[in-house]
Amino acid sequence: MRDPVIETTELRKTYVMGDSEIHALDGVSIQIGRGELLAITGQSGSGKSTLMNILGCLDRPDGGVYRLEGEDVSTLNDNRLAEIRSRKIGFVFQSFNLLPRVNALEQVELPLLYGGGRREQPQEAGPAAGRERGPAGGQEQRVATARSLLLQRGGSRWRDRAREALIAVGLEDRMNHKPTELSGGQQQRVAIARALVTDPAIILADEPTGNLDSRTSEELMALLLTLNSDRGITVVFITHEEEIARRTNRILRMRDGRIAGEERGEMGGANKAAPAPPAADAAPTPLGAQSRGAAAGALRQAGASPVPPAQPPRDEAGP
Amino acid sequence: MNVATLKVALSALAANKLRTILTLLGIVIGVASVTALMSIGRGVEKQITGELQATGTNVLFIFSGRPSGSSSEARVEELTYEDAQALEELTWDGTLVGVAAAGSELRLNVVAQGRDTSVSVSGVTASYPDVNNLTLAYGDTLTQSDIDSRATVAVLGANVAADLFPDADPIDQTIRAANLRLRVIGVLEEQGGGGFGGSPDDIVLIPITTAHARLSRWLTARGEQPVSSISVELLDAEEETINTGSAAIREILRERHEIPDEEEDDFIIISPIDLIAAVSGALAVFTAFLGAIAGISLLVGGIGIMNIMLVSVTERTREIGIRKAVGAKRRDILIQFLVESVVVSLLGGLLGILLGALISFGIAQIPLGGDGETLQTAITLDIILLAVSVSATVGIFFGIYPANRAARLDPIQALRYE
């Protein structure tokens, strides 16, 4: 595989429960390419959660090697792992996991504050963000840039990035709402914005639609698929729902801590063409500088409902 | 630590207002009691040193004897009236204003017009009242000619006059002390308080020569008339004046007492400045003691902070998990919780200082005796600095354990926490 984002060899993880040892991971070797759309499935107890924790740098394997963007992260200490999480990993959880009492904009800003904003700041600043706005936006941008120069910090630039991420998930009119003022689907959109704001190497989605009704689930799936095809973001679903798994381009089935099988998903054919080949797409792309047309095409091809990602969901207007 | 961290801490505190206020209250009460009690201590300190200063900081007291801890075995010469007379010659050098000697005080029963009272009768020199800041209420004071002629006259302290002559003019009345009949020539103003050696309102002053001739005829080995103390009034209380004065006095007394060079002084010179320093040193210990007692309540307040922070860490386990999942390091979490507890304790400290100042102001308004005297209190800068720094320390000390516990949480388990 060319340019693997994730490469693991013989990952092992063993838990001791009383007298017995449980091999949660028993030699897992996988490769995930950049821009890939992948599902890891398996029944509860199959080890998929343990694998996600390790892939997400929340945990370390007991044995084996895990390379993330070429860097061996299997033996890093807690602080280094936290750094990796802030810059390279985005999580989307089943239970949303938003902070209470904090508005959407600040939720999304959080990973940037914790260090995820440090990567590639110099070139990020003005042009890309300014281009999308009108003349008034340019004025605002200049003020913001001046202020951030004054502060010698990325404060306002981070705010801009958070704003862009929320626009990308269609929540431009919900930025100052707190979780209690948002519907489940909207909360999960905030979580997705939070995951993608640092421009991570990979987004790990752990049963992302598990707590949502089927219609909202469909919209969120569409959003995640679009982010993958549009921005070339690597998305890995961890799920036990066959329906979700089938909509990716590759499915890894886990059983008893091993990869028991690998299949192509329904998106397999369509997606082979979309994210992989063009070199421009393979590199992490700054937010907001994308061609929307190709993505819409890919979606239509896959038979998904063509919900433009930048548009607010019509049925979720009220809290 | 930055503005964002502070904002997070404040919003977390605002989310649990009642709990925050109750925690705050513990610190407020602790700091307020430290502030109030220490302000009382400081006030008493000021009051007492102020009284000492009123007796005149430019007066040196000379006693016979050696400083405690002296190992000298040589004989101690008594101070004598003749020593005092020799010191009077020094008044010519411009730094010495007056010399006063007091003979040994005698506790005597004094009788007049069928009333009697127990007083201390002191034989003194003419300048004694002046040097010791005793002012005459009415009548005459002792004169040099009274001293020279061994006149049988007396000046009464205010209480003595009131006891013996409750409704008559004491001037020219006769009082009897032991076998001595004395004519009252003057009465001193009420001095209040107690200098040292009992209240000056309970004394009867008679010429030192009379006391020696009629009450105690005892002479020293040198054949001189002993006195219990000599006070020397200097021109001012400047350190230089006091040092030159003491040096001159020392030289004369050593010469008169024939003390060899290698031998220690057989007299002690005390300047009121030393005395004030000693007393305020003791009072500072007293103030610190009061502060320490109040500090116990501050300690309890600190434990309150720790308790609440531990509850808060448990409650917010999931939040900590989320923060860690998106990249918060241990240090980030540690600082977040530490800032929270320090904000509580500092805020409590500031409110406590205000409350303590109010309490101490209130205490200063309560009359103590019937005479409208009140307990003075003083809030000084050092009390405020102490209260602020102690409360900040309490916040850090009692916050560090819960914060550390939060920082060490495993993100996976924290995320799973319900």
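Caption draft 1: Structural view of the overall build of chain A. In terms of helices and strands, chain A carries 12 helices and 11 strands. Taken across its 319 residues, chain A has 48% of its residues classed as buried. Contacts in chain A between residues at least 24 apart in sequence constitute 72% of all its contacts with a sequence separation of at least 6.

Caption draft 2: Local environment of the packing of helix α2 (residues 78-88) of chain A against helix α3 (residues 104-116) of chain A. All names here are of chain A. Packing of α2 against α3 brings their axes to within 8 Å, and their N-to-C directions diverge by 135°. It follows that α2 is oblique to α3 by the angle criterion. Classified by chirality, the crossing of α3 by α2 is left-handed. Contacts from Glu83, Ser86 and Arg87 in α2 reach Pro111, Tyr114, Gly115 and Gly116 in α3. Counted by class, the contact of α2 with α3 contains two nonpolar, three polar and two charged residues.

Caption draft 3: Spatial organisation of the nonpolar core. By size, the foremost hydrophobic cluster in this structure holds 121 residues, and its most contacted members are Ala193, Leu196, Leu204 and Val236 of chain A. Residue contacts for Ala193 of chain A: discarding those within four places in its chain leaves Val108, Ala165, Leu166, Ala168, Val169 and Leu171 of chain A. Ranked by size, the runner-up nonpolar core spans 49 residues in total, among them Val59, Ala84, Val110 and Val155 of chain B.

Caption draft 4: Helix α3 (residues 81-88) of chain B, seen in detail. Burial in α3 of chain B covers these residues: Tyr81, Asp83, Ala84 and Leu87 of chain B. Considered in projection along α3 of chain B, the buried side chains sweep an arc of 155° and stay on one side of the axis.

Caption draft 5: Spatial organisation of the interface of chain A and chain B. The interface of chain A with chain B comprises 21 residues on the first partner and 16 residues on the second. Secondary structure elements with two or more residues in the side of chain A that touches chain B: α2 and α3 of chain A. Of the residues assigned to the side of chain A that touches chain B, the class counts are nine nonpolar, six polar and six charged.

Caption draft 6: Just the sheet that holds strand β8 (residues 202-206) of chain A, in detail. All names here are of chain A. Strand order in this open sheet of six strands is β7-β8-β9-β4-β10-β11, and the pairing throughout is mixed. Strand pairing shows two members of the sheet lacking a second neighbour, β7 (89-92) and β11 (258-264), which therefore form its edges. Along the sheet, successive strands turn relative to each other by an average axial angle of 20°, direction set aside. Examined bridge by bridge, β7 and β8 share four bridges and lie parallel to one another. Bridge pairing links Gly90 to Ile203 in β8. In the packing of helix α7 (residues 184-196) onto the sheet, the strands contacted are β7 and β8, and the crossing angle to β7 comes to about 170°.

Caption draft 7: Seen up close, helix α10 (residues 317-325) of chain B. Along α10 of chain B, seven of the nine residues are buried, which leaves the element largely enclosed by surrounding structure. If you check which residues of α10 of chain B are buried, you get Glu319, Ile320, Gly321, Ile322, Arg323, Lys324 and Ala325 of chain B. Those residues of α10 of chain B that are buried lie in contact with α2 and β7 of chain A together with α11 (330-365), α12 (381-407) and α13 (411-416) of chain B. Looking one or two places after α10 of chain B, you find Gly327 of chain B, whose phi comes out positive at around 115°.

Caption draft 8: Representation of the pairing of strand β10 (residues 229-234) of chain B. Residue and element names in this part refer to chain B. With respect to burial, β10 is a largely interior element, six of its six residues being buried. Both faces of β10 are covered, namely the face carrying Ser229, Ser231 and Glu233 and the face carrying Ile230, Val232 and Leu234. Relative to β10, strand β1 (residues 59-64) runs antiparallel, the two being bridged by four bridges. Bridge pairing in β10 links Leu60 to Val232.

Caption draft 9: Local environment of unusual backbone geometry. For Phe96 of chain A, which is not glycine, the phi torsion reads 65° and is therefore positive. Looking at where Phe96 of chain A falls in the secondary structure, it is placed in the loop between β7 and α3. Judged by local crowding, Phe96 of chain A falls into the buried class, with 23 C-beta atoms found within 10 Å. Even without being glycine, Asp172 of chain B reaches a positive phi, approximately 70°. Residue placement: Asp172 of chain B occurs in the loop between α6 (158-164) and β7 (174-177). Classification of Asp172 of chain B as exposed rests on a count of 9 C-beta atoms within 10 Å.

What counts and how
Residues numbered from 1 in each chain as written. Chains lettered and ligands numbered in written order. Predicted model: local features only at pLDDT ≥ 70, side-chain atom pairs only at ≥ 80, totals over all residues. Helix = DSSP H or I, 4+ residues; strand = E, 2+ residues; numbered from the N terminus. Buried ≥ 20, exposed ≤ 12 C-beta atoms within 10 Å, placed from the backbone. Contact = placed C-beta atoms within 7 Å. Axes fitted to C-alpha atoms, helices over the stretch in contact; angles between N-to-C directions. Parallel < 35°, antiparallel > 145°, perpendicular 65-115°, else oblique. Left-handed = near helix turned anticlockwise from the far one by under 90°. Nonpolar A, V, L, I, M, F, W, Y, C, P; charged D, E, K, R; others polar. Core = buried A, V, L, I, M, F, W, Y, C linked by C-beta atoms within 7 Å. Arc of directions from axis to C-beta. Pairing = 2+ DSSP bridges.

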